[in-house]
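Listed here are the chains, written in short residue letters.
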Amino acid sequence: MDEQPILIERHTGYRVITLNRPQRLNAFTEAMHVALRDAIADAVADDTCRALMLTGSGRGFCAGQDLNDRLSKAGETPVLGGALETYYNPLIRKLRGLPFPVVAAVNGVAAGAGCNIALACDIVLAARSAIFVQSFAKIGLVPDSGGTWILPRLIGPARARALALTAEPVPAEKAESWGMIWKAVADDELMAEGHQLCQHFASAPTLGLALIKRALDESWEHDLDAQLDLEREFQREASLTPDYAEGVRAFLEKRAPKFAGRKPR
Ligand code: T3D
């Protein structure tokens, strides 16, 4: 079943990574973690890659940790923490810090760590039939993979607390109306929308977009004064990219810009 725990498609300017254990709703094994880590590292190493889409095969996006790996032969459950340190936490840090946008195309249920991995992506599109579940409380665990950090920031403390404590599923349209995700779309339009977004980013000013991501993330830790200073510094950095010069020239010449993306200045 696990011959190819993820699938990778290379498109002009972006890649699509598909979690591929459909019989288990794409729940994570160590092999899948390693394959995903390598695929992301490979995308980062390729300067022509300017966006990433993450999706799932079959009827689910990802059901979090494969619980079959959490029961030893004697029927005992292990003490946790190791997999978070080795796999889940580095994955969330990596996704947040990618030097280009990452789009989650949530094709079906996103549960446990699978839900929080989706929410860690820059833009979350979901099929209308998809649901988001903080399923941890159902098995005596705590939301991980950044759930206790990102969820209250996206939807506020009252909703985050209730979802974490009840594990109530949130349908895609409600997730959109709560601001948990960017957009819920018709099931049969999900992948086309995801590709369209990645194609847009594939010709965008990537270095500038990476600075936007960092500025928004760092704002959580800053007061307005500190953030204004950061904006000044990042703007200075953005203005040194060839894409800024090209953007201004193209505007004045009334033509479409040709952005170089991740190419060094
Ligand atoms: O190191 C650490 O462990 C710490 C890290 C923790 C991270 C976590 O993610 S902990 C949370 C783990 N995930 C869950 O608790 C979710 C478990 N799954 C579910 O609650 C439900 O499957 C869903 C709500 C996601 C979907 O429900 P439904 O009714 O649409 O599907 P289903 O029938 O439950 O699942 C379909 C199959 O996938 C089924 O297998 P079968 O009976 O057809 O052979 C089911 O057992 C399997 N499956 C679903 N989720 C998992 C899974 N198998 C293993 N692990 C799973 N997480």
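Note that this is a predicted model, so its numbers are computed, not measured. (Residues numbered from 1 in each chain as written. Predicted model: local features only at pLDDT ≥ 70, side-chain atom pairs only at ≥ 80, totals over all residues. Heavy atoms only, no water.)

A. Expanded view of the packing of aromatic side chains. Going through the model one piece at a time under the given rule, you end up with two aromatic pairs. Considering the side-chain rings of phenylalanine 28 and tyrosine 88, the 5.8 Å spacing of their centres and the 70° angle between planes classify their relative orientation as edge-to-face. Residue phenylalanine 28 is found in the loop between β2 (14–19) and α1 (30–45), and its partner tyrosine 88 is found in helix α2 (residues 82–97); the two are separated by 60 residues along the sequence. Its relative accessible area of 3% is what places tyrosine 88 among the buried residues. With 6.2 Å between their ring centres and 80° between their planes, tryptophan 149 and tryptophan 220 make a pair best called edge-to-face. Pair noted here: tryptophan 149 is in helix α4 (residues 147–155) and tryptophan 220 is in the loop between α8 (206–219) and α9 (224–239), with a separation of 71 residues, a long-range link. (Phe/Tyr/Trp six-rings, centres within 6.5 Å; stacked < 30°, edge-to-face > 60°. Helix = DSSP H or I, 4+ residues; strand = E, 2+ residues; numbered from the N terminus. Buried < 20%, exposed > 50% of the residue type's maximum accessible area, 1.4 Å probe, protein only.)

B. Broad picture of the site of the ligand. Lining the immediate environment of the ligand, one finds 25 residues, of which Arg59, Gln65, Leu67, Arg70 and Ala113 sit closest. For the ligand, a nitrogen atom lies 2.9 Å from a polar atom in the backbone of alanine 63. Glutamine 65 places a main-chain nitrogen or oxygen 2.8 Å from a nitrogen atom of the ligand. In isolation the ligand has 1,000 Å² of accessible area, and contact with the protein removes 67% of it. Of all the secondary-structure elements, those providing two or more residues to the shell around the ligand are α2 and β6 (109–111). Per-element tally for the shell around the ligand: the top contributor is α2, with three residues. When its residues are assigned to classes, the shell around the ligand shows 14 nonpolar, six polar and five charged. (Near = heavy atom within 4 Å. Polar contact = N/O pair within 3.5 Å; in protein donor to acceptor, adjacent residues only side chain to side chain. Areas by Shrake-Rupley, 256 points an atom, 1.4 Å probe, with all protein chains shown as cover. Nonpolar A, V, L, I, M, F, W, Y, C, P; charged D, E, K, R; others polar.)

C. Inspection of the packing of α8 against α9 at higher detail. Contact pair α8 / α9: the axes reach a minimum separation of 11 Å and the direction vectors enclose 170°. With respect to α9, the element α8 is oriented roughly antiparallel. Residue-level inspection shows Leu211, Arg214, Ala215, Glu218 and Ser219 of α8 in contact with α9, the latter providing Gln227, Leu230, Phe234, Glu237 and Ala238. Its residues placed into classes, the contact of α8 with α9 shows five nonpolar, two polar and three charged. (Axes fitted to C-alpha atoms, helices over the stretch in contact; angles between N-to-C directions. Parallel < 35°, antiparallel > 145°, perpendicular 65-115°, else oblique. Contact = heavy atoms within 4.5 Å.)

D. Region of the structure containing α4. The set of residues buried in α4 consists of Gly147, Ile150, Leu151 and Ile155. One side of α4 holds all its buried residues, which, seen down the axis, span an arc of 100°. Along its buried surface, α4 packs onto α2, α3 (113–120), α5 (157–166) and α6 (172–178). Note on α4: the residue one or two positions beyond its end, glycine 156, has a positive phi of about 90°. (Arc of directions from axis to C-beta.)

E. The arrangement of the sheet that holds strand β7 (residues 123–127) in detail. Within the open sheet, the six strands sit side by side as β1-β2-β3-β5-β7-β10. Their pairing is mixed. Whereas interior strands pair on both sides, the edge strands pair on one side only; in this sheet they are β1 (6–11) and β10 (183–185). Recorded for the sheet is a direction-independent mean angle of 20° between the axes of neighbouring strands. Bridging between β7 and β10 involves three bridges; their strand directions are parallel. Counterpart to alanine 127 in the pairing with β10 is valine 185. Sheet strands touched by α1: β1, β2 and β3 (52–56). Its angle to β2, the strand with the most contacts, is close to 175°. Where helix α7 (residues 190–202) meets the sheet, it contacts β1, β2, β3, β5 (102–106), β7 and β10, and its direction lies at approximately 160° from that of β7. (Pairing = 2+ DSSP bridges.)

F. How the structure looks around the domain arrangement of the protein. Taken domain by domain, the protein comprises domain 1 (6–202) and domain 2 (206–252). Each of domain 1 and domain 2 has a C-alpha centre, and the two are 27 Å apart. The contact between domain 1 and domain 2 buries some 820 Å² in all, and 51% of this surface belongs to carbon and sulfur atoms. Counting the surface domain 1 buries against domain 2, the share from its top three residues, Arg96, Trp149 and Arg153, is 47%. If you look at where domain 1 meets domain 2, you find two salt bridges. Residue aspartate 122 is joined to lysine 213 by a salt bridge in which the shortest nitrogen-to-oxygen separation is 2.7 Å. Along the contact surface separating domain 1 from domain 2 lie five residue pairs in polar contact (both at pLDDT 80 or more). Secondary-structure elements contributing two or more residues to the side of domain 1 that touches domain 2 are α2 and α4. A breakdown of the residues in the side of domain 1 that touches domain 2 according to their chemical character gives seven nonpolar, no polar and four charged. (Domains from an automatic or database assignment. Buried area = accessible area lost by both parts, 1.4 Å probe. Salt bridge = Lys/Arg side-chain N within 4 Å of Asp/Glu carboxyl O.)

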